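One letter stands for each residue in the lines below.
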Amino acid sequence: MIKVGGSLGAEMTGACADIAELAEQGGEVVVVHGGGTEADRLAAELDRPTRTMTAPNGRHSRYTDAPALDALAMAMLGRVKPALVTALTGAGLRAVGLSGIDGSQVTARRTPPARAVVDGVEQVVRDDFSGRIHQVDPDLVLTLLGGGYVPVVSPPALDPALGMLNVDADRFAARLSLALAADWLIILSNVPGLLRDPADPTSLVTEVPCEELSRYLDGAGGRMKVKLQSAGEAFVAGVPHVVLADGRLDSPVLAARAGAGTTFVRGTR
């Protein structure tokens, strides 16, 4: 399982070449992607500025009202996914684009109304179309893998009663990797991995013992905290090899498999 961060943009050539090499060696590869950066760009083009909301505990999240969900879906499914499928096809693979709503493979439950600060005003947010993943059915992905295809999967997920919901792509990748009993979960982004100092790319944490995950979570912030938690939970739940790695490298997937980035381990070494 390779998760490609939306922040990588055009910097996906190396990852696509690595995925093709793994497939040539007989490996079955599933690709999950995000798209927040492209969604922000499209929202600006549509004159729908991206908005955030801040929970009482200080956590920031995307405010996904109906227009924002529309822009997010268009960006994910109409820009990021076709570009990634095209790049993988160019690398010689039979790539197929899917979202969580296809085949009802990833279902979610809408986040209940909650108090938050939006545009500087504290209010009870009732129109946010975000959710938490409820269930993952891997049958569609397994069918495609059995036919020699490379599935390229992303949010949104499906609430059977409400329709599309925005769910976090890193959590999406973690839950799908567990449902598929994947051997690897490699989360690629535009940083070397977990950094002790986010401003210093040389301060890489090379290993995170799962027994100390909470300590590292306390020191992380922003998107990295979500990535760290998603990856850590997948490792604890049974994915044998989990890595947070730099997708900007010439050969990022193979480098991660060789030890580059932040690897999750059991106990201290």
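Residues numbered from 1 in each chain as written. Predicted model: local features only at pLDDT ≥ 70, side-chain atom pairs only at ≥ 80, totals over all residues. Heavy atoms only, no water.

Novice: Just checking my understanding: could you explain unusual backbone geometry for this structure?
Specialist: For residues that are not glycine, phi is negative in most cases, and the peptide bond is trans in most cases. In the segment running from Pro-155 into Pro-156, the intervening peptide bond is cis, with an omega of 10 degrees. With respect to the secondary-structure elements, Pro-156 resides in the loop between β10 (150–154) and β11 (157–159). You will see that Asp-47, though not glycine, has its phi angle at about 60 degrees, which is positive. Structurally, Asp-47 can be placed in the loop between α2 (36–45) and β3 (52–54). When its relative accessible area of 65% is taken as the criterion, Asp-47 is described as exposed. (Helix = DSSP H or I, 4+ residues; strand = E, 2+ residues; numbered from the N terminus. Buried < 20%, exposed > 50% of the residue type's maximum accessible area, 1.4 Å probe, protein only.)

Novice: Can you walk me through the pattern of salt bridges in this structure?
Specialist: Should their charged atoms come close, side chains of opposite charge can pair. In the structure shown here, the tally under the stated rule is 12 salt bridges. Across the pair Arg-79 and Glu-38 runs a salt bridge whose closest N-O atoms are separated by 2.8 Å. In this pair, Arg-79 is assigned in helix α3 (residues 66–90) and Glu-38 in helix α2, connecting sequence segments 41 residues apart. With a relative accessible area of 33%, Arg-79 lands in the partly exposed category. Between Asp-246 and Arg-248 there is a salt bridge, with the nearest N and O atoms lying 2.9 Å from each other. A single network of salt bridges, built from pairs that share partners, joins Glu-38, Arg-41, Glu-45 and Arg-79. (Salt bridge = Lys/Arg side-chain N within 4 Å of Asp/Glu carboxyl O.)

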